[in-house]
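Structural characterization, general
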Amino acid sequence: MLQFADFQNSYKPNQKDGKIVIFGAGTIGRLTQLALKDHDIQIDYFCDSDKRKQKYKIEDKLIISPEELYKFDNRKTYIFLANQYFTAILPDLFGKGFNNIFKVTDLLENKNLNQLYEKIDMKLLFGKLQSLKLQRNIGFYNEMGRKEDYTRDGKLNLKTIDVQVTEKCSLKCKDCSNLMQYYEKPIDSELNLLLKSIDKIMSCIDSLEEFRVLGGDPFMNKELYKIVNKLVNYEKCKKVVVYTNAKFVPKGENLNCLKNKKVVLDITDYGKHSWAAAQFIEVAKKENIAYTTFRCSTWQDCGRIMPYSNKSENELEHLFSNCCNSDLVSLLHGKLYRCPFSANGVNLKAIPQNKKDEVDLTDDNIGLDELREQINKLCFGKKYLTACSYCNGRDYNSVNIPSAVQSKKPLKLELGLDAKIK
Ligand code: SF4
Ligand code: SF4
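Reading guide: rules and limits
- Along each chain, residues carry numbers from 1 onward, in the same order as the chain's sequence is written.
- Each chain takes a letter, starting from A, and each ligand takes a number, starting from 1, following the order in which they are written.
- Where local features are concerned, this predicted model is filtered to residues with pLDDT of at least 70; where side-chain atom pairs are given and counted, the filter is 80 or more; whole-chain, interface and lining totals use all residues.
- Side-chain metrics in this entry use all non-hydrogen atoms of the structure; hydrogen atoms and water are not considered.
- Each residue is assigned to one of three classes by its accessible area relative to the maximum for its type, calculated with a 1.4 Å probe on protein chains only: buried under 20%, partly exposed between the two thresholds, exposed over 50%.
- Under the DSSP-based scheme used, a helix requires at least four consecutive residues in state H or I and a strand at least two consecutive residues in state E, with every element numbered from the N terminus.
- Directions from the helix axis toward the C-beta atoms define the arc.
- Whether two residues are in contact is decided by their heavy atoms: any pair within 4.5 Å suffices.
- We define proximity as follows: a residue is near a molecule or strand when any one of its heavy atoms falls within 4 Å of that partner.
- Residues were grouped as follows: Ala, Val, Leu, Ile, Met, Phe, Trp, Tyr, Cys and Pro as nonpolar; Asp, Glu, Lys and Arg as charged; and all remaining residues, including Gly, as polar.
- Structural elements are reduced to axes, namely lines fitted to C-alpha atoms, with helices fitted over the stretch in contact, and the angle between N-to-C directions of any two is expressed from 0 to 180 degrees.
- What sets the label is the angle itself: under 35 degrees gives roughly parallel, over 145 gives roughly antiparallel, 65 to 115 gives roughly perpendicular, and the rest give oblique.
- Criterion for a salt bridge: a side-chain nitrogen of Lys or Arg within 4 Å of a carboxyl oxygen of Asp or Glu.
- Throughout this description, the term nonpolar core refers to a set of buried Ala, Val, Leu, Ile, Met, Phe, Trp, Tyr and Cys residues connected via side-chain atoms within 4.5 Å.
- By definition, two strands form a pair when at least two bridges between them are found by DSSP.
- The crossover handedness rule: strands pointing away from the viewer, path from first strand over the helix to second strand clockwise, crossover right-handed.

The next subject is helix 12 (residues 313-321). The set of residues buried in helix 12 consists of Leu316, Leu319 and Phe320. The buried residues of helix 12 all sit within an arc of 95° when viewed along its axis, so they share a single face. Structural note: helix 12 exposes Asn314 and His318 on the side pointing more than 90 degrees away from its buried face.

Let us look at the environment of Ala343. Structurally, the position occupied by Ala343 is in helix 13 (residues 340-347). With a relative accessible area of 0%, Ala343 lands in the buried category. Excluding residues that lie within four positions of it along the chain, Ala343 makes contacts with Ser330, Leu332 and Tyr337.

Taken together, Cys169, Leu171, Cys173, Cys176, Gly216, Asn245 and Trp299 are the residues near ligand 1. Looking at the shell around ligand 1 residue by residue, the classes come out as 5 nonpolar, 2 polar and no charged.

Between helix 8 (residues 191-204) and helix 14 (residues 368-380), the least distance of the axes is 9 Å, while the angle of their chain directions is 85°. With respect to each other, helix 8 and helix 14 are oriented roughly perpendicular. Facing Lys200, Ile201, Ser203 and Cys204 of helix 8, the residues of helix 14 in contact are Leu368, Leu371, Arg372 and Ile375. For the contact of helix 8 with helix 14, the per-class residue count stands at 5 nonpolar, 1 polar and 2 charged.

Applying the stated criterion across every chain, the model contains 26 salt bridges. Asp364 serves as the salt-bridge partner of Lys196, at 3.0 Å between the closest nitrogen and oxygen. Of this pair, Lys196 sits in helix 8 while Asp364 sits in the loop between strand 16 (358-360) and helix 14, and the two are 168 residues apart along the sequence. Each of Lys133, Arg136, Glu210 and Asp266 takes part in a single network of salt bridges with overlapping partners.

Moving on, we come to the nonpolar core. Phe211, Leu258, Leu336 and Ile375 are the most contacted members of the largest nonpolar core, which has 52 residues in total. Contributions of two or more residues to this core are made by strand 8 (157-164), helix 8, strand 9 (207-214), helix 9 (224-231), strand 10 (237-244), strand 11 (263-269), helix 11 (277-286) and helix 14. Broken down by element, the residue count for this core peaks at 7 residues, all from helix 8. Residues contacting Ile375, with those up to four places away along its chain left out, are Leu156, Leu158, Ile201, Cys204, Ile205, Leu336 and Val359. Ranked by size, the runner-up nonpolar core spans 47 residues in total, among them Phe23, Ile58, Leu69 and Phe86.

On to the pairing of strand 9. Burial analysis of strand 9 places 6 of its 8 residues in the buried class, the great majority of the element. Pairing between strand 8 and strand 9: 7 bridges, direction parallel. The partner of Gln164 across the bridge, within strand 9, is Leu214. Running through helix 8, the crossover from strand 8 to the neighbouring parallel element strand 9 is right-handed. Where strand 9 lies against strand 10, 5 bridges are found, and the strand directions are parallel.

Here it is in structure tokens:
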């Protein structure tokens, strides 16, 4: 099993003869740089797989590519891993003989992150994060870093579960990465099936950082509040995040359920399409609803079901381990999938079903121990999915396109794809 160390216990400041590199030039990388400065540690380089960032400097420190990093003396290079792509990056680094690799969880733990964030150089970052969003990003990073520990300790602790409460959306984005643009007759998730499925999952796992409640737009489901009110009662789960495109402000019970202390409303503001965004924020402030908001003008081009691609095992593994959606375990119509693309692609019957890529929560003959084992395998044992052969993937190299371009009609599924299970 790959192991890497926490900063406090393992990093010796007298290791000054080598190079110090922060792998990840995003927000966590910048925070890491400032936190290391507090320990009088100056870094030599940033490293980032995102070609758009390479060759730029942050506070005079050049951003190099992984290929340039691999040329360094592996015995004398100290790498702080400051991004969430652990599973993609660690095997490469260890494989090239780099052993001085540190996660930054404990380095950042006792810092006032909001204060630190105010000081970071925002160059090449996409936009300012609100405090709550920053905390959630750091929480996400920490959970990714603990994955190996969980596997070793026999715990089944999950980072997030996407609870898809509807196939309906108030917008019709033609490049929706959750594939809502393909639904001709979208339906809500059946309430009892959904609640029973969640009960089963929560009986099997040890803990969950976040339920992510989404659709489409979850507020299209008039019974959303019944779901949210149930989710907040699980002691094993810390937070319930409800996503919206802010096309409208909900009323009544669907608004009231957001006031629970465990709930965070996450508003993606698509400009002219999210015409109720400002109003929703005002309501959230007035009603004491915790919220974050993000103005989204571009996103990655990954919202299309592609014809079957005959990728090799290596290519599929690479696509999967570099995909930032490959850890978004998703619940849809009584089945648990590894990512929303897989969930909706199979549900739309555009991608062949592979029973090894899903956990069937509708089958009452499966006992809880067996279910736990299946969930464990789905969340921690996959190298790629059948769906990856139909998907462009979602990594740093994905092309950026304007967000939320609307389609008048649902997109036609190109059925008759050369469907294969790999
Ligand atoms: S707002 Fe657009 S991207 Fe979001 S779920 Fe709806 S269709 Fe998809
Ligand atoms: S199908 Fe594979 S590549 Fe596509 S989003 Fe899911 S995990 Fe990523």
